[in-house]
Amino acid sequence: MLQLSASVATEQIRGRRYAIGALVLLAGLGVFSGAGTDNTASASETPVISFDLPATAVAVPVVCSHGDDLMMSDRGEPVEITLRLSSLVSGSVFPEIDRWMIRCVPRDPSWRVVNYSPRTETASEYAGPIQVKRSDEDSQAFGMAVDVAHGAVANAHIGGDKGSKQSESVQFDRHAPLHAVTAAGTIERGRGVYYKLRWTSTQVLEGEKKLKITFDVPTGFRSGLVDVSVVAFGRLPKKNSVTDAISQIPVLGEERGAVRPLGKGRFVVAVHAEGDPVAWHAARDFAEAEIALRTQARSVRATSPARSLSTLLRHVAAKLDSDAVDVHSDWAERLIFASADPYTDPIIRRLPAEVRVVAIEYCDARRMVENLRTRVAGDGETQIQLTDFVKSSIGVE
């Protein structure tokens, strides 16, 4: 019995030694790769395209309908929002930007797209029509020459030539080839809108772009959330150093110089009704709560002892230590975009108390924006919308 216990203990110690040895080896690799990454980042100034979008947008009621509007419901009301998407290209060498891909989808499933701008547009690299000229020429010629020489005095020359020429030309204009500058349409069965913007001689993809979308929202709308994602595709500029050449080696199945993502961004926009101060305050509080959440997440990652370890090493350490919390994971992104529950999420539940408080406050602010509605009095076809300010003035509970 004692021998069996000793052998089990020996196997456990040996297994721990193997795990510690593997951890030390991965630590060395992680430190080495991390140092190499830092040097590469400092040596090569890779251009980066960053995007920005205001956290709030105003929903303006639409009074007049357009001929190209999509069908609306009988009980809805159309509102138009304007998204101001900005981009910044950083780096000493400008990349070759090919296109942007933008998706705008509301979180409320009852919203429907009525109209959007800009629409699909085409353009050409040529300022005018292309002129084509074709000519057909037919010619005939006949010639004869005879030279006779006799002694030093006599000399005779006889020559003849005959020819005919016929020419015909046709000139016409051809339409210049067109290509899509902006492509737009609906997605998610008419709930959202996509945009594809290309860099051409008439459109520059840097700076601010205005995107206007008209939604058919439920009656009594006051606020809501819209998810916006954007990805920039293009080609990296050519580099001469050996380190940059190694960093640009294509992966298996990828062509060198192929179009690849150069930058991306994901945003949640709080939309509030025009002239509604309560909805405006709710949207502003939601924007401030998101800033506080991201700031707290960066602070926790910066003060974590594992901030210098590689991603693989942190995962191995988390597996060995069951009580460890990977604060470098995407818990903040899941909370913002995947609607993770701070009360049930296994990682968020084990974060420090002050971080959990910020996460819960963010969820409360998001719930306020999503659930804010105008109360409706009456039933049947005659419904009267009463805001909180009107109710307080007339004494309605």
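Predicted model, so just to flag it, every value in this text is computed and none were measured. (Residues numbered from 1 in each chain as written. Predicted model: local features only at pLDDT ≥ 70, side-chain atom pairs only at ≥ 80, totals over all residues. Heavy atoms only, no water.)

Participant: Would you explain the nonpolar core in this entry?
Facilitator: Grouped burial of nonpolar side chains is what soluble globular proteins tend to show. Of all hydrophobic cores here, the largest spans 36 residues; its most connected members are L83, W100, I102 and V271. Beyond its immediate sequence surroundings of up to four residues, L83 is in contact with L53, A57, C104, K209, K210, L211, I213, V228 and V269. Judged by nonpolar contacts, the second largest core, of 27 residues, contains L335, A340, L351 and V358. (Core = buried A, V, L, I, M, F, W, Y, C linked by side-chain atoms within 4.5 Å. Buried < 20%, exposed > 50% of the residue type's maximum accessible area, 1.4 Å probe, protein only. Contact = heavy atoms within 4.5 Å.)

Participant: Just to check I follow, could you spell out the side chain of S223 for this structure?
Facilitator: Mapping S223 onto the fold places it in strand β12 (residues 223–235). Engagement of the side chain of S223 in a polar contact is seen with the backbone oxygen of V369, the distance being 2.6 Å. Setting aside its immediate chain neighbours within four residues, S223 contacts V271, H272, A279, M368, V369, L372 and R373. (Helix = DSSP H or I, 4+ residues; strand = E, 2+ residues; numbered from the N terminus. Polar contact = N/O pair within 3.5 Å; in protein donor to acceptor, adjacent residues only side chain to side chain.)

Participant: Looking at this structure, how should I read the packing of aromatic side chains?
Facilitator: Given two aromatic rings, their pairing is described by the distance between the two centres and the angle made by the two planes. Summed over all chains, the structure comprises 5 aromatic pairs. The residue whose ring lies beneath R119 is Y116, and the NZ or CZ to ring-centre distance is 4.1 Å. (Phe/Tyr/Trp six-rings, centres within 6.5 Å; stacked < 30°, edge-to-face > 60°. Lys NZ or Arg CZ within 6 Å of the ring centre and 35° of its normal.)

Participant: Any chance you could explain unusual backbone geometry here in plain terms?
Facilitator: Across residues other than glycine, the phi torsion is negative in most instances, and most of the peptide bonds are trans. In this chain, S117 is followed by P118 through a cis amide linkage whose omega measures 5 degrees. Within the secondary structure layout, P118 lies in the loop between β5 (112–117) and β6 (121–123). The phi torsion at R189 lies on the positive side, around 60 degrees, for a residue other than glycine. The phi angle at S339 is positive, at roughly 55 degrees, despite the residue not being glycine. Summarising the element assignment, S339 is placed in the loop between α5 (331–337) and α6 (353–371). Its relative accessible area of 43% is what places S339 among the partly exposed residues.

Participant: Even after reading the chapter, I still don't get the side chain of S87, so can you show me in this structure?
Facilitator: Here S87 is to be found in strand β3 (residues 76–90). Since its relative accessible area comes to 9%, S87 is described here as buried. Beyond its immediate sequence surroundings of up to four residues, S87 is in contact with I49, S50, F51, W100, L205, E206 and G207.

Participant: Please explain α6 as it appears in this structure.
Facilitator: Along an α-helix, residues three or four apart share an orientation, since each turn contains 3.6 residues. Compared with an ideal rise of 1.5 Å per residue, which puts 19 residues at 27 Å, α6 spans 27 Å between its outermost C-alpha atoms and is within 8% of the ideal. All of the buried residues in α6 are V355, V358, A359, Y362, C363, A365, R366 and V369. Taken around the axis of α6, the buried residues stretch over an arc of 160 degrees, which confines them to a single face. (Expected span 1.5 Å × (residues − 1). Arc of directions from axis to C-beta.)

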